[in-house]
Amino acid sequence: MKKVKLDIVGLSYSQTQSGAYALVLGEVNGRRRLPIIIGAFEAQAIAIEIEKMTPSRPLTHDLFKTFAQIYNIEIEEILIYNLVEGVFYAKLICTDGKTTHEIDARTSDAIALAVRFNAAIYTYEFILSSAGIVIEGNDFLFLENMDNLSKEQGTEDMSSMSSSYKSLTIEELNQKLQEAIAEEAYEKAARIRDELNKRNNER
């Protein structure tokens, strides 16, 4: 069957399912998008790696990567190979340089590992044809940097938090960023990083 390569093009809070997030995969050199609903933990794991944040302690997917690399195992690619009643099925294509193995995995976990191993993400044409949507213009070409992860965790109001950051200097923001990462408060760290990026773009 024909495989289609995908990239991560969107990650946002789901408007239709409470406590869930929409991971949007996009066809490379194409206009089709494949939205997949995932949990908050997996969304956070994907966003943290994309944002290149370093947790104070390894997350589960980081631990898996370290364990695999100690034994010279690499993930070559991720394949989303089936879709049954709205549930996507994926597998990891792994190798130790001599033999290749396929390991069944939840799609959200597979993507979280793909971004850590820089592994390619594929699906079959029949899945993209049946579950994909065609986007006109540049819709969905975004990544929201975990903007809504705090909705799951009941943390302080994010709008008031963002306003308070505007009064801080760049040095103070950098200090708070490091503190947030050390506390594993990744949603707060994302907000601070957004403010730093905004300041840098205004220079």
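Quantities reported herein were computed from a predicted structural model and do not represent experimental measurements. Residue numbers run consecutively from 1 along every chain, following the written order of its sequence. Residue-level local features of this predicted model are given only where pLDDT is at least 70; pairs of side-chain atoms are given and counted only at 80 or more, and the full residue set underlies all totals for whole chains, interfaces and linings. Values shown for side chains rest on all heavy atoms present in the structure; no hydrogens or waters enter the calculation.

Draft legend 1. Focus on the overall build of the protein chain. When helices and strands are tallied, the protein chain shows eight helices and eight strands. Burial status follows relative accessibility: with a 1.4 Å probe on protein chains alone, a residue under 20% of its type maximum counts as buried, one over 50% as exposed, and anything between as partly exposed. Residues classed as buried in the protein chain amount to 47% of the 203 residues present. Considering only intrachain contacts with a sequence separation of at least 6, the fraction spanning at least 24 residues in the protein chain is 59%. Of the accessible surface of the protein chain, which amounts to about 11100 Å², a share of 49% is contributed by carbon and sulfur atoms. In DSSP terms, a helix is any run of H or I states spanning at least four residues, a strand is any run of E spanning at least two, and both are numbered starting from the N terminus. When checking whether two residues touch, look at their non-hydrogen atoms; a contact exists if any pair is within 4.5 Å. Residue-level accessible areas treat just the shown protein chains as cover; the underlying method is Shrake-Rupley with a 1.4 Å probe.

Draft legend 2. Layout of the packing of aromatic side chains. Between 30 and 60 degrees the pair is tilted, below 30 it is stacked and above 60 it is edge-to-face, where a pair is any two Phe, Tyr or Trp rings, Trp via its six-membered ring, whose centres lie within 6.5 Å. Tallied over the entire structure, the rule returns three aromatic pairs. Ring centres of Phe67 and Tyr71 lie 5.3 Å apart, and the angle between their planes is 50 degrees; this geometry places the pair in the tilted category. According to the relative accessible area criterion, Tyr71 is exposed, its value standing at 54%. Ring geometry for Tyr81 against Tyr89: centres 6.4 Å apart, planes inclined by 55 degrees, an arrangement best described as tilted. Among the residues examined, Tyr89 registers a relative accessible area of 32% and is labelled partly exposed. Counted as over-ring charges are cases with an Arg CZ or a Lys NZ within 6 Å of the ring centre that also lie within 35 degrees of the ring normal. Lying over the aromatic face of Tyr122, Lys3 brings its terminal NZ or CZ to 4.6 Å of the ring centre. Directly above the ring of Tyr81 sits Lys91, whose terminal nitrogen or CZ lies 5.0 Å from the centroid.

Draft legend 3. Here's a closer look at helix α1 (residues 40-50). Most of α1 is tucked away, with eight of its eleven residues classed as buried. Phi turns positive one or two residues past the end of α1, at Lys52, with a value near 60 degrees.

Draft legend 4. Broad picture of helix α2 (residues 60-70). Within α2 the residues assigned to the buried category are His61, Asp62 and Ala68. Projected down its long axis, α2 carries its buried residues within an arc of 130 degrees, all on one side. Exposed residues pointing more than 90 degrees away from the buried face of α2 are listed as Thr60, Leu63, Phe67 and Ile70. In this structure, the buried residues of α2 make contact with α1 and α3 (107-117). With its phi angle positive at about 60 degrees, Asn72 sits one or two positions after the end of α2. As used here, the arc is the angular range of directions from the helix axis to the C-beta atoms.

Draft legend 5. Looking closely at the pairing of strand β5 (residues 87-95). Counting buried positions along β5 gives seven out of nine residues, so the element sits mostly inside the fold. At least two DSSP bridges between two strands are needed for those strands to be called paired. In the sheet, strand β4 (residues 74-84) pairs with β5 via nine bridges, with the strands oriented antiparallel. In the strand pairing of β5, Ile80 is matched with Ala90. Hairpin remark: β4 followed by β5, antiparallel, with two residues in the connecting loop; positive phi at Glu85, about 50 degrees. Bridge count for β5 against strand β6 (residues 100-106) is seven bridges, and the pairing is antiparallel. Residue Leu92 lies in a different strand from β6, and its bridge partner there is Ile103. From the end of β5 to the start of β6, which pair antiparallel, there are four residues, and Gly97 there has a positive phi angle of about 95 degrees.

Draft legend 6. Representation of the pattern of salt bridges. Counted as salt bridges are all cases of a side-chain nitrogen of Lys or Arg within 4 Å of a carboxyl oxygen of Asp or Glu. One pass over the structure, following the stated rule, counts eight salt bridges. A salt bridge links Glu77 to Lys3; its shortest N-O distance comes to 2.8 Å. Highlighted residues: Glu77 in strand β4 and Lys3 in strand β1 (residues 3-13), separated in sequence by 74 residues. Residue Glu77 is classed as buried on the basis of its relative accessible area of 17%. Among the ionic pairs, Arg32 bridges to Glu27, the shortest N-O distance being 2.8 Å. Arg32 gets classed as buried once you look at its relative accessible area, which sits at 18%. A single salt-bridge network, built from bridges that share partners, covers Glu27, Arg32 and Glu125.

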